[in-house]
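Descriptive analysis of the structure
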Amino acid sequence: MKTISHWIGGKPAEGTSGRFGPVWNPATGAQEKQVAFADTTEVDAAVAAAKDAFGSWGTSSLARRTAILFKYRELLDAHRDEIAELITAEHGKVHSDALGEVARGMEIVELACGISVQLKGELSTQVSNRVDVASIRQPLGVVAGITPFNFPAMVPMWMFPLAIACGNTFVLKPSEKDPSASVRLAELATEAGLPDGVLNVVHGDRTAVDRILEHPDIEAVSFVGSTPIARHIQLKATEHGKRVQALGGAKNHMLVLPDADLDLAADQAINAAYGSAGERCMAVSVVVAVGDIGDDLVGRITERARKLRIGPGNDPASEMGPLITREHRDKVASYVAGAAAQGAEVVLDGTGLTVDGHEDGFFVGVSLLDRVPLTADAYRDEIFGPVLCVVRAETYDEAVALINDSRWGNGTAIFTRDGGAARRFQLEVKAGMVGVNVPIPVPVGYHSFGGWKDSLFGSHHIYGNDGVAFYTQGKVITTRWPDPSDGGINLGFPSNS
């Protein structure tokens with residue numbers, strides 16, 4: 001059985017802890033690999049390699065950093081199919097979806113290639129007599145990222161390219177469920193000329209995570225995952241004096257007004273709810289139907305959902321693949337099984353699905369629940385699977401109040417032809433990312449990604465301007481070159497005159 005190793009100091013590092021975790025093929029249900037789990041010694045080794053590399057990388061020229069990143073982008077482009085195949089084999093998502101993930105991650109690499117512009121300082125001359133003031137931004141040192149299973153290539157690329165472009169060195173702890181893509185990203189970075197120790201990868205469970213959170217040489221931690229873990233990350237890391245950006249869970253609502261194009265809304269609800277088997281923090285999990293369109297909209301969604309082709313991700317005919325583990329599949333199915341007893345109407349129940357030739361795979365079909373009470377578990381919890389809830393609202397105001405009452409505020413969308421309603425919605429809704437006739441409003445790389453409320457812990461969103469600010473610290477320099485007339489004692493407050 002293949003063992004996936006750590007990547008420390010620019011080369012593979014075999015695990016010394018003696019602990020390993022299984023890596024499953026979700027389409028077959030078979031364990032095909034194992035991944036080494038780090039103990040504190042191995043995390044310390046990765047941090048030490050990063051700290052040693054920072055001594056030269058942090059003071060290297062912007063020209064050198066960006067040249068390596070341009071080469072890295074070329075290598076990612078040349079190997080995008082290979083990376084996508086690794087994602088499909090260990091995560092289960094269909095190949096086209098995996099390719100899309102790699103492409104979105106590469107957007108941040110492209111942003112990092114232009115880091116020179118974003119790191120430009122500011123200079124004010126003659127703020128006082130012969131006094132100039134400059135503001136610059138400098139790297140923090142060693143920073144770390146803890147990333148989820150659902151985007152094993154994209155989310156790491158939301159973090160480390162910007163971090164290293166700013167002059168930091170990086171320790172990545174990817175999900176132990178699908179770790180191979182992250183290791184391949186690190187290998188390609190070394191091939192592009194990234195110095196040894198600038199990017200390190202350690203695998204593991206809570207032992208590795210807690211050591212990252214408490215390690216005195218790590219200055220900042222980025223995290224994407226569930227809300228309970230995001231809250232823990234923030235509390236533990238800040239307790240040890242670190243900066244934190246921790247992105248949590250979601251329950252994204254899609255509001256559909258009576259004037260909307262219902263065919264478009266139905267298409268986009270399908271795409272946003274069932275793409276990647278619903279294992280997206282930006283998936284639409286609740287459709288809010290306003291007025292009397294509910295039955296019509298549910299009918300159109302049902303018609304489309306019945307036709308979805310579900311199968312292994314490496315089959316070009318498949319539109320949706322399996323879930324990540326057997327346990328997660330069973331948990332998702334439990335929400336559908338209990339929905340009727342909690343007052344929901346089960347329109348589609350995909351929990352009995354089997355795929356010919358892949359009977360042991362972690363497959364579940366698409367489910368659609370209508371008239372879901374706000375007290376039902378299917379509405380209250382983040383399911384993270386292909387289950388779409390529909391709730392009804394009489395008016396726009398009632399719908400917005402319903403969305404704003406959610407404890408999550410990651411993303412939301414409105415479907416309408418009414419520009420006035422859309423403008424009100426984007427100003428009134430309490431969420432960090434808003435789509436107008438766009439169901440998954442993930443920002444482009446030069447804007448920042450992040451939610452509100454229980455979807456974000458920390459003050460910074462990820463990538464974009466927020467990412468650059470997070471991975472750098474400001475410094476202000478006040479300069480005066482005296483002439484012979486200067487001198488004397490004056491204990492008064494400094495004046496700008």
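Thresholds applied
Within every chain, residues take consecutive numbers counted from 1 along the sequence as written. Where totals are concerned, whole chains, interfaces and linings use all residues; where local detail is concerned, this predicted model gives features only for residues with pLDDT of at least 70, and gives and counts side-chain atom pairs only at 80 or more. With hydrogens and water excluded, all non-hydrogen atoms of the structure serve as input to the side-chain values. Angles run from 0 to 180 degrees between N-to-C directions of axes, and those axes are lines fitted to C-alpha atoms, restricted for helices to the stretch in contact. Elements are defined by DSSP. Helices are runs of H or I of four residues or more, strands are runs of E of two residues or more, and each kind is numbered from the N terminus. Throughout, the term roughly parallel applies to angles under 35 degrees, roughly antiparallel to angles over 145, roughly perpendicular to angles from 65 to 115, and oblique to all others. Working rule for handedness: look at the near helix, and if it is turned counterclockwise from the far one by less than a right angle, call the crossing left-handed; if clockwise, right-handed. When checking whether two residues touch, look at their non-hydrogen atoms; a contact exists if any pair is within 4.5 Å. Strands are labelled as partners when DSSP assigns at least two bridges between them. A simple rule labels every residue: compare its accessible area, found with a 1.4 Å probe on the protein chains alone, to the largest value its type can have, and call it buried under 20%, exposed over 50%, or partly exposed in between. Handedness rule for crossovers: strands pointing away from the viewer, path from the first strand over the helix to the second running clockwise, crossover right-handed. Side-chain atoms within 4.5 Å are what join buried Ala, Val, Leu, Ile, Met, Phe, Trp, Tyr and Cys residues into a set we call a nonpolar core. Each residue gets one of three labels, nonpolar for Ala, Val, Leu, Ile, Met, Phe, Trp, Tyr, Cys and Pro, charged for Asp, Glu, Lys and Arg, and polar for the others, Gly among them. One speaks of a salt bridge when a side-chain nitrogen belonging to Lys or Arg is within 4 Å of a carboxyl oxygen belonging to Asp or Glu. The term disulfide is used for any two cysteine sulfur atoms that are within 2.5 Å. By convention, a stacked pair of Phe, Tyr or Trp rings (six-membered ring in the case of Trp) has centres within 6.5 Å and planes under 30 degrees apart, an edge-to-face pair has planes over 60 apart, and any other such pair is tilted.

Put simply, helix α2 (residues 62-78) and helix α4 (residues 95-113) touch, their axes get as near as 9 Å, and they point 160° apart. Considering their axes alone, α2 and α4 lie roughly antiparallel with respect to each other. The hand of the α2/α4 crossing is left-handed. Side by side, α2 and α4 meet where T66, L69, F70, Y72, R73, L76 and D77 of the first sit next to M106, V109, E110, A112 and C113 of the second.

Strand order across the open sheet formed by 3 strands is β1-β5-β4, with mixed pairing between neighbours. With partners counted over all chains shown, the strands left at the sheet margins are β1 (2-4) and β4 (20-25), one partner each. Direction aside, the axes of adjacent strands within the sheet are offset by 40° on average. Two elements, β1 and strand β5 (residues 30-36), share 3 bridges in a ladder whose sense is parallel. Within β5, the residue paired with K2 across the bridge is K33. Sheet contacts for helix α3 (residues 80-91): β1, β4 and β5; angle to β4, the most-contacted strand, approximately 100°.

In this section: the pairing of strand β13 (residues 252-256). The element β13 is extensively covered by neighbouring structure, given that 5 of its 5 residues are classed as buried. Burial along β13 is two-sided: N252, M254 and V256 and H253 and L255, pointing in opposite directions, are all buried. Bridge count between β13 and strand β14 (residues 284-290): 5 bridges; the pairing is parallel. Bridging from a neighbouring strand, M254 pairs with V287 of β14. A crossover links β13 with its parallel partner β14, the connecting element being helix α10 (residues 262-274), and its sense is right-handed. With 4 bridges connecting them, β13 and strand β19 (residues 411-415) associate as parallel partners. Counted as the bridge partner of H253 is T412 from β19.

Time to look at the nonpolar core. Ranked by size, the top nonpolar core spans 66 residues in total, and within it Y72, L76, I83, L162, F170, F449 and Y471 carry the most contacts. The element that contributes the greatest number of residues to this core is helix α6 (residues 154-165), accounting for 10 residues. L162 has contacts with I108, L111, A112, I115, Y463, G464, G467, V468 and Y471, leaving out every residue within four places of it along the chain. In terms of nonpolar packing, the next biggest core, distinct from the first, is built from 59 residues, V256, A277, V364 and I383 among them.

Moving on, we come to the sheet that holds strand β23 (residues 472-480). Read from one edge of the open sheet, 3 strands run β6-β7-β23, paired in antiparallel fashion. The outermost strands of the open sheet, each flanked by one partner alone, are β6 (122-128) and β23. Across the sheet, the mean angle separating the axes of adjacent strands is 25° when strand polarity is ignored. Bridge analysis of strand β7 (residues 131-139) against β23 gives 9 bridges, and the strand direction is antiparallel. Looking at β23, one finds that R137 is bridged to G474.

Put simply, α2 and helix α7 (residues 180-191) touch, their axes get as near as 9 Å, and they point 130° apart. Looking at the two axes, α2 sits oblique to α7. The two elements α2 and α7 meet at a crossing, and its hand is right-handed. Judged by residue contacts, Y72, L75 and L76 of α2 engage L185, L188, A189 and E191 from α7. Among the residues making up the contact of α2 with α7, the classes are represented as 6 nonpolar, no polar and 1 charged.

The next thing to look at is the pattern of salt bridges. In this structure the tally under the stated criterion is 30 salt bridges. Of the charged contacts in the structure, one is a salt bridge between E176 and K177, with a shortest N-O distance of 3.9 Å. Of the charged contacts, one joins D263 and R304 as a salt bridge, the two residues approaching to 3.0 Å between their closest N and O atoms. One end of the pair, D263, is in helix α10; the other, R304, is in helix α11 (residues 294-305), and 41 residues separate them in sequence.

Our next topic: the state of the cysteines. For the structure on display, the rule yields 0 disulfides. Cysteine C166 is unpaired, with the sulfur of C113 as its nearest cysteine sulfur at 13 Å. For C166, a relative accessible area of 2% translates into the label buried. The thiol of C281 is unpaired, and the distance to the nearest cysteine sulfur, on C389, comes to 18 Å.

A word on the pairing of β6. Pairing between β6 and β7: 4 bridges, direction antiparallel. Each residue of the ladder has a partner; that of S128, found in β7, is V131. Adjacent in sequence and paired antiparallel, β6 and β7 are bridged by 2 residues, among which R130 carries a positive phi angle near 60°.

This paragraph deals with the packing of aromatic side chains. Counted by the stated rule, this structure contains 8 aromatic pairs. Note on W24 and F362: the rings are 6.4 Å apart at their centroids and 75° apart in plane angle, and the pair reads as edge-to-face. One end of the pair, W24, is in strand β4; the other, F362, is in the loop between β15 (345-348) and β16 (367-370), and 338 residues separate them in sequence. Overall, the relative accessible area of 30% leaves W24 in the partly exposed class. Ring centres of F470 and Y471 lie 5.2 Å apart, and the angle between their planes is 75°; this geometry places the pair in the edge-to-face category. Both residues of the pair, F470 and Y471, count as buried. Taken together, Y72, F160 and F170 form an aromatic cluster joined through their ring pairs.

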